Amino acid sequence: MPATPRTLLEKIWEDHLVCAPDGQQPILYVDRHLVHEVTSPQAFAGLRAAGRRIRRPEATFATPDHNVPTTDRRLPIVDAISKQQIDTLRTNCQDFGVRLFDLDDADQGIVHVIGPELGITQPGMTIVCGDSHTATHGALGALAFGIGTSEVEHVLATQTLRQSKPRSFEVRVNGSLHAGITAKDLVLFLIGKLSTEGGTGFVIEYTGPCIRALSMEERMTVCNMSIEAGARAGMIAPDSVTFDYLRGRDFVPADFEAAVAGWKLLPSDSGAVYDRVEIFNGEQVVPQVTWGTNPAQVVGIDGAVPDPAELATPSDRESGARALEYMGLSSGRKIVDIRLDRVFIGSCTNSRIEDLRAAAAVVRGYQVSPNVAAMVVPGSGRVKRQAEQEGLARVFTEAGFEWREAGCSMCLGMNPDTLAPGERCASTSNRNFEGRQGKGGRTHLVSPAMAAAAAISGCFVDIRQWHYR
Amino acid sequence: MQPFTTHTGCVVPLDRANVDTDQIIPKQFLKRIERTGFGEFLFFDWRCLADGSSNPDFELNKPEYKGASILLARRNFGCGSSREHAPWALADYGFRVVIAPTFADIFFSNCFQNGMLPIQLDEQHVDELFQRAARPPYRLHIDLHACRLSDDAGFAQPFAIDAFRRTCLLAGTDSIGLSLEHIDQIAAWETAHGLTAPLLDSTLGNSQR
């Protein structure tokens, strides 16, 4: 009898199922645990209090990223509480034998940038981190999701997690993206269609020709924002794009081709059944700009701020009205008429080398608008060095952008990189929540190219009409 | 973990959808390395005006809702960041129960790790509770043994909850201790997958063993 066709999710799930004790949630094995300074100190304290150790320190990797300065790293950290948090991570990693990519390490960076970059992230793995954007790693065909600090402690102590089997959701994207349309526009478009909770309880698998045509880094941008549609994880089946990306990276298996042979068995079997399927077409996607205070409140660059009264549900209408008040916008305002004060290019969504190349291509030969303060924060030390070698950093600095050290920076504004109240920012990050980038700050999510064009023009412009120099 | 069996308390209505964890506990308070003391920063940016004074229009600041221990909210409560600081802040402030039509996955899981009960109730009954809670003080009784919530004026509804999570809440189970009971199966999985089982002696810190 032929085996029942299985999805990518089912294959990884079944391979990692340790046991499903009667009347309890199943226990799932965790292959890689990524740790950062903000959501781990209480977990390590719990281990110490209970006299427990880390079961597999060699499967655990740490880096400070959320709460680190992006200015000169040789200077001391001014904020004493931030310094304590970073020092605590150092002590914990030392005491418990965890590999730390510290602030002075050439490979330090945003945890979701360095995982794939170092080859720590591999197809078929289960990967967790105390951060909701862990879904990023699903781009390589892993099952990767964010967890809370209590679960961080659980994984440290047991190398497993209690998990109920999630439902599978195929988001199929047919067709292809038009010139100038990026993975960021695609995922914002999808979130707008799925809503902020359309993926709750599901793991999304992105499929279809439009997804297959994306580069590895573009796939990371798509999977990264799965959580903004409510899905704890997003994934894309591994293929030659994945294998070519990983080949030669630091932490990949020594017998790489043997590993590839195994990874080729991971994609969903033909005839595999998903719990839910939605089909979209990439041709429909135009450059996207969020107008509100959640990522589903998004519209095309050729559109206008909607009238909340005309939105679909009572929740949408209530959220929409509140968002317009917070954002200082009125319905009917054309997106291209919105003026910006700040531009942020960075975050685990859009701080990789391809993102910086796309932004630099727009910037080359122009100057940042005198009304705009703009910054680029590369996702990792490696990305930064590569951008410097390729001359991208000079393009940015000569145009008037600030060029910073790697970290999460103004995506969440835990460090000194924040918006002032009322400031309006075009941001390549993932959340436009109230106060996300600073209390009273107003965030519009866009692609790196759109953010770069907004920095030059001082307002949103349709990147499809950009005159590249 | 503090067990949860039954609870009676006053309800504060927060009539907003998509309340994200950035609102529940803003990032400037995530620098602390402790698990306690987050209550005073709960909903900080909504509770405080720009000059730092208390916002009289925010529900939690209204005297009639003082001392409430049950939070009533709209769809997709707790979306966004995985920060467990959100349920820590709610619990530290005094909340034991959050009622909403839907919750975000990570926040929902995090509640159970902290002796806090998130109750998912259909939208129609949440609407009814909002109407009733508009006349404070409005008290609800929650009985986790019976999976039932009720008030003193005729409202009574059963609620659904995962059986294992319910058992753990009722007992205040140490989830790590429970999983370590399966350590032999974990080790067997590792062996079957070519991973050498680590030393099982439990001492403080790997470098100190």
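Residues numbered from 1 in each chain as written. Chains lettered and ligands numbered in written order. Predicted model: local features only at pLDDT ≥ 70, side-chain atom pairs only at ≥ 80, totals over all residues. Heavy atoms only, no water.

1. Comments concerning the overall build of chain A
When helices and strands are tallied, chain A shows 15 helices and 19 strands. A principal-axis box enclosing the C-alpha atoms of chain A has dimensions of 60 × 55 × 45 Å. Looking at chain A as a whole, 67% of its 469 residues are labelled buried. Intrachain contacts of chain A at a sequence separation of at least 6 include 76% that bridge at least 24 residues. Approximately 15,300 Å² of chain A is accessible, and the part contributed by carbon and sulfur atoms is 51%. The positive charge centre, built from 47 side chains, and the negative charge centre, built from 55, are 1 Å apart in chain A. (Helix = DSSP H or I, 4+ residues; strand = E, 2+ residues; numbered from the N terminus. Buried < 20%, exposed > 50% of the residue type's maximum accessible area, 1.4 Å probe, protein only. Contact = heavy atoms within 4.5 Å. Areas by Shrake-Rupley, 256 points an atom, 1.4 Å probe, with all protein chains shown as cover. Lys, Arg positive; Asp, Glu negative; His and termini not counted. Charge placed at Lys NZ, Arg CZ, Asp CG, Glu CD.)

2. As for the sheet that holds strand β1 (residues 17-19) of chain A
All names here are of chain A. Taken together, three strands build an open sheet; the order of strands is β1-β2-β8 and the sheet is antiparallel. Where the open sheet ends on each side, the last strands, each with one partner, are β1 and β8 (160-162). The sheet shows a mean angle of 35° between the axes of neighbouring strands, direction not considered. Here strand β2 (residues 27-29) runs beside β8; their pairing, made up of three bridges, is antiparallel. For L28, the partnering residue across the bridge sits in β8 and is L161. (Pairing = 2+ DSSP bridges. Axes fitted to C-alpha atoms, helices over the stretch in contact; angles between N-to-C directions.)

3. Notes on the packing of helix α2 (residues 41-50) of chain A against helix α5 (residues 149-158) of chain A
All names here are of chain A. It is at 8 Å that the axes of α2 and α5 come closest, and there the two elements cross at 50°. It follows from the interaxial angle that α2 and α5 lie oblique. Viewed along their axes, α2 and α5 form a crossing whose handedness is right-handed. Contacts between α2 and α5 involve Q42, A43, F44, G46 and L47 from the first element and T149, V152, E153, L156 and A157 from the second. (Parallel < 35°, antiparallel > 145°, perpendicular 65-115°, else oblique. Left-handed = near helix turned anticlockwise from the far one by under 90°.)

4. Focus on the interface of chain A and chain B
Chain A puts 74 residues into the contact, and the matching count from chain B is 69 residues. Where chain A abuts chain B, roughly 5,800 Å² becomes buried across the two surfaces, and 50% of that area is made up of carbon and sulfur atoms. Linking chain A to chain B there are seven salt bridges. At the boundary of chain A and chain B, one finds 33 residue pairs in polar contact (both at pLDDT 80 or more). Of all the secondary-structure elements, those providing two or more residues to the side of chain A that touches chain B are α1 (8-16), β1, β2, α2, α3 (80-96), α5, β8 and α11 (314-327) of chain A. Of the residues assigned to the side of chain A that touches chain B, the class counts are 19 nonpolar, 34 polar and 21 charged. (Buried area = accessible area lost by both parts, 1.4 Å probe. Salt bridge = Lys/Arg side-chain N within 4 Å of Asp/Glu carboxyl O. Polar contact = N/O pair within 3.5 Å; in protein donor to acceptor, adjacent residues only side chain to side chain. Nonpolar A, V, L, I, M, F, W, Y, C, P; charged D, E, K, R; others polar.)

5. Observations regarding the pattern of salt bridges
Applying the stated criterion across every chain, the model contains 45 salt bridges over all chains. Residue A:D87 pairs with A:R90 through a salt bridge whose shortest N-O separation is 2.9 Å. Here A:R90 and A:D87 lie together in helix α3, a separation of three residues that amounts to about one turn. The partly exposed category is assigned to A:R90, whose relative accessible area is 29%. Residues joined by salt bridges that share partners form a network here, namely A:R55, A:R56, A:E58 and B:E190.

6. Digging into unusual backbone geometry
Residue and element names in this part refer to chain B. Omega for the peptide link from P136 to P137 comes to 0°, which places this bond in the cis form. Take P137: it is sitting in the loop between α5 (123-133) and β5 (139-143). Positive phi, normally seen in glycine, also occurs at N18, with a value near 55°. Inspection of the secondary structure puts N18 in the loop between β1 (6-13) and α1 (21-24). Phi angles above zero are rare outside glycine, and C147 is one such case at about 55°.

7. Comments concerning the sheet that holds strand β19 (residues 442-445) of chain A
Residues and elements named next belong to chain A. Spatial strand order, β17-β16-β15-β18-β19: five strands in an open sheet with parallel pairing. The outermost strands of the open sheet, each flanked by one partner alone, are β17 (402-403) and β19. For strand β15 (residues 342-345) and strand β16 (residues 373-376), the ladder comprises four bridges, and the chain directions are parallel. Note on β16: the bridge partner recorded for V343 is A374. Contacts between helix α15 (residues 448-457) and the sheet are confined to β15, β16 and β18 (424-427), with β15 contributing the most and set at about 150° to the helix.

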